[in-house]
Amino acid sequence: MNLMRKTKKTLSLLLLATALTACQQGAKAPEAIGPLPSEYQLTWHDMETYAFIHFGLNTFADKEWGYGDTPAEVFNPSHLDCEQWAQTIKAAGMTGVILTAKHHDGFCLWQTDLTEYSIRNSPYKQGKGDLVAELRAACDKYGLKFGLYLSPWDRNTALYGTPDYVDYYHKQIEELTTRYGDLFEFWLDGANGGDGYYGGARETRQIDRRTYYNFPEVFAHILRNQPQAIIFSDGGPGCRWVGNERGFASATNWAFLRQEEVYPGYDRSETLPVGHPDGTAWIPAECDVSVRPGWFYHETEDDRVKSPEQLVDLYYRSVGRNGNLILNFPIDKTGRIHPIDSTNVVEARRILDKELALNLLAQVKPTASATRGKGFEADALTDGNPATYWSTPDGVTSATLTFTLPKVQQVSRLLLQEYIALGQRVQEFTVEYAKDGQWIPIDCGEETTTIGHKRILRFPTVETDALRITILQSRACPCLSNVEAFYAGESPVNGPTENREEFRSYPFELTQQADRFILELDQPRQIRAFYYQPPTDGQGLITHYELYAGDTPQTATQLIKKGEFSNIVNNPITQILRFAPVKAKVWILKAVKTAKEGEAPKSQKLGLQ
Ligand code: FUL
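Residues numbered from 1 in each chain as written. Predicted model: local features only at pLDDT ≥ 70, side-chain atom pairs only at ≥ 80, totals over all residues. Heavy atoms only, no water.

(A) Highlighting the overall build of the chain. Within the chain, the secondary structure is distributed over ten helices and 25 strands. Computed over C-alpha atoms, the radius of gyration of the chain comes to 27 Å, within 12% of the 25 Å expected from 2.2 N^0.38 for 609 residues, which places it in the range of a compact globule. With the C-alpha coordinates of the chain rotated into their principal frame, the extents come out at 95 × 60 × 45 Å. Counting contacts in the chain only where the partners sit at least 6 residues apart, residues at least 24 apart contribute 75% of the total. Looking at the chain as shown, the accessible area adds up to about 25,300 Å², and 50% of this sits on carbon and sulfur atoms. Separation between the mean location of the 63 positive side-chain charges and that of the 76 negative ones in the chain comes to 2 Å. (Helix = DSSP H or I, 4+ residues; strand = E, 2+ residues; numbered from the N terminus. Rg over C-alpha atoms; globule rule 2.2 N^0.38 Å. Contact = heavy atoms within 4.5 Å. Areas by Shrake-Rupley, 256 points an atom, 1.4 Å probe, with all protein chains shown as cover. Lys, Arg positive; Asp, Glu negative; His and termini not counted. Charge placed at Lys NZ, Arg CZ, Asp CG, Glu CD.)

(B) View of the pairing of strand β21 (residues 516-533). Pairing analysis gives six bridges linking strand β20 (residues 508-513) to β21, with the strands arranged antiparallel. The residue of β21 that forms the bridge with Glu509 is Glu520. Remark: two residues form the turn of the hairpin made by β20 and β21, two consecutive strands paired antiparallel. Sheet topology note: the β21/strand β24 (residues 575-594) ladder contains twelve bridges and is antiparallel. Residue Phe517 lies in a different strand from β24, and its bridge partner there is Leu589. Bridge count between β21 and strand β25 (residues 605-608): four bridges; the pairing is antiparallel. (Pairing = 2+ DSSP bridges.)

(C) Representation of unusual backbone geometry. In this structure, the amide linkage connecting Gly34 to the following residue, Pro35, adopts the cis form with an omega of -5 degrees. For Pro35, the location among the structural elements is in the loop between α2 (11-25) and α3 (39-45). A cis amide bond links Gly236 to the next residue, Pro237, at an omega of 15 degrees. For Pro237, the location among the structural elements is in the loop between β7 (230-233) and β8 (239-241).

(D) How the structure looks around empty space enclosed by the protein. Taken as a whole and judged by the stated rule, the model has two cavities of 30 Å³ or more. Considering only enclosed or pocket space, the largest cavity measures out at about 140 Å³ in volume. Around the largest cavity, the lining residues are Thr49, Ala92, Met94, Leu311, Val312, Tyr315, Leu325, Leu327, Val345, Ala348, Arg349 and Leu352. Mapped onto the lining of the largest cavity, the elements with two or more residues apiece are α9 (308-318), β12 (324-330) and α10 (339-355). The element contributing the most residues to the lining of the largest cavity is α10, with four residues. The residue makeup of the lining of the largest cavity, split by class, is ten nonpolar, one polar and one charged. By volume, the second largest cavity amounts to about 40 Å³. Each residue belonging to the lining of the second largest cavity can be placed in one class, and the counts come to six nonpolar, three polar and one charged. (1 Å grid on protein atoms, 1.4 Å probe; cavity = no way out; pocket = protein on both sides within 12 Å on 5 of 7 lines; lining within 4 Å. Points joined across faces, edges and corners; volume = space filled by probe spheres on them. Nonpolar A, V, L, I, M, F, W, Y, C, P; charged D, E, K, R; others polar.)

(E) Molecular detail of helix α7 (residues 163-178). For α7, built from 16 residues, the straight-helix expectation of 22 Å at 1.5 Å per residue is met to within 8% by its first-to-last C-alpha distance of 23 Å. The set of residues buried in α7 consists of Tyr165, Val166, Tyr168, Tyr169, His170, Gln172, Ile173, Glu175, Leu176 and Thr177. Where α7 is buried, its residues meet β2 (96-102), α6 (131-142), β3 (145-150), β4 (185-187) and α8 (215-225). (Expected span 1.5 Å × (residues − 1). Buried < 20%, exposed > 50% of the residue type's maximum accessible area, 1.4 Å probe, protein only.)

See below:
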């Protein structure tokens, strides 16, 4: 380009200069095809897996969503140790951590000047503690990046719902973005309004999720102080929610969204796992999930920690599908990551490292059916350099890549990466292996669509001395920077493993009336737990309940427990109500409120134990 600008004198000079440029520097690079990632988003993609920490009053009150009225004195960890968190996170091969500086209950884990509802009024370090500062220091010591979660919803403050709250929220942002060094990410959840303590009012406050918080200004404010921070929300602008709290993306996953359409609390979240193929902005998926069913620590979940195999599976279905994985640790009441949790995540990393240990293509020189020219040859696919890439001439959107191995090998994983600085392009491809002089397709289910930052295919072991990838469709000439192949060993995790929520129950007869489920046991029994497994299609979710017991459906009026099934919309896990044993034959679960007003309650499964 520079040469061309300088040599406008004659046509021949120009031609000569162009020819020289081509042969000295290689062929012309492909035009980028938008939407494109920013430099900070490119860095973020490379972080791949990092941790989430949920810790606060809920930990001690055994809740998922605090109402905003739990006294600050309840926050009293006996052995809080942010370095233990950082060591565990590091040992699990993660690159950073995000802390819930304030969850929906409004309790602040830092020395804020803006409210009394903070760590300052807790017994921890006689009120001198500051978890944002302490975790920041631990991150610096162990080489982890640091980020923060600041819930827009605040069930404690009397200001919530008024314009003054928005001002308060901005001041919280100012404190967090100016006092604690560089943040790699700033996390804004779905911004619910609803019932809460609100300074003692104890009422329901609805806000307009689109307009109330003035999100454009919230984003601008964060970025003024922390330009590198990737802002997480349903619609970015840095990265997007993947549409579920189970930690995986769709088999097809675009890093784009129609940005104008999406806002925190977006009502079409079912589109988020795939993204919007016609999107206008680069807003890649971040897959959030907790190592346990809940986000906060509950002793009753000690036997429900995800297994190493389940965690490995989630890695493949998040990072292996063009997303980042944020894995939550619920800090326990002592103030540490529970040993079962740390054992399982470290073991998951060990399995992954073993499965992806030896790249069988490292020394292989692939061939391509089409190449753009010098500088874009297929060698770039196996040179281990993320800055080089193979590409085809403009307009050539399908091509074949062949990898000949030095000898017959067992293969069960294939890893592909696009050079995403120029956009996400590939729409469909196939993979084959050579056997007895023939190409045999490898069945990878629905996984051979998009690639993006990373695609990892898992398939039953094949024995072969050659692999072939055929790009069938691409938005423009494909640009691939890396291809690797592995033999994962006799891994139990060759496909998705679902989290099965199991519970045993006494037998009962079930009838449903308008707003209630009536469970009649064969005889009066001592019951200590009630299970509600919500429907999988998200219909008829009970958010507020009352549980009654008695001898007959008419006389079952003894109130056993009432409350909310917090976060059931985003995280529809089995809800377990535990209580001191009560002997009764009839049990009634009354739906005081469902997620969508007026909708009849539904359940997948109910249980009594
Ligand atoms: C959601 C919250 O409601 C949950 O409690 C949790 O913090 C999750 C990560 O985000 O929006």
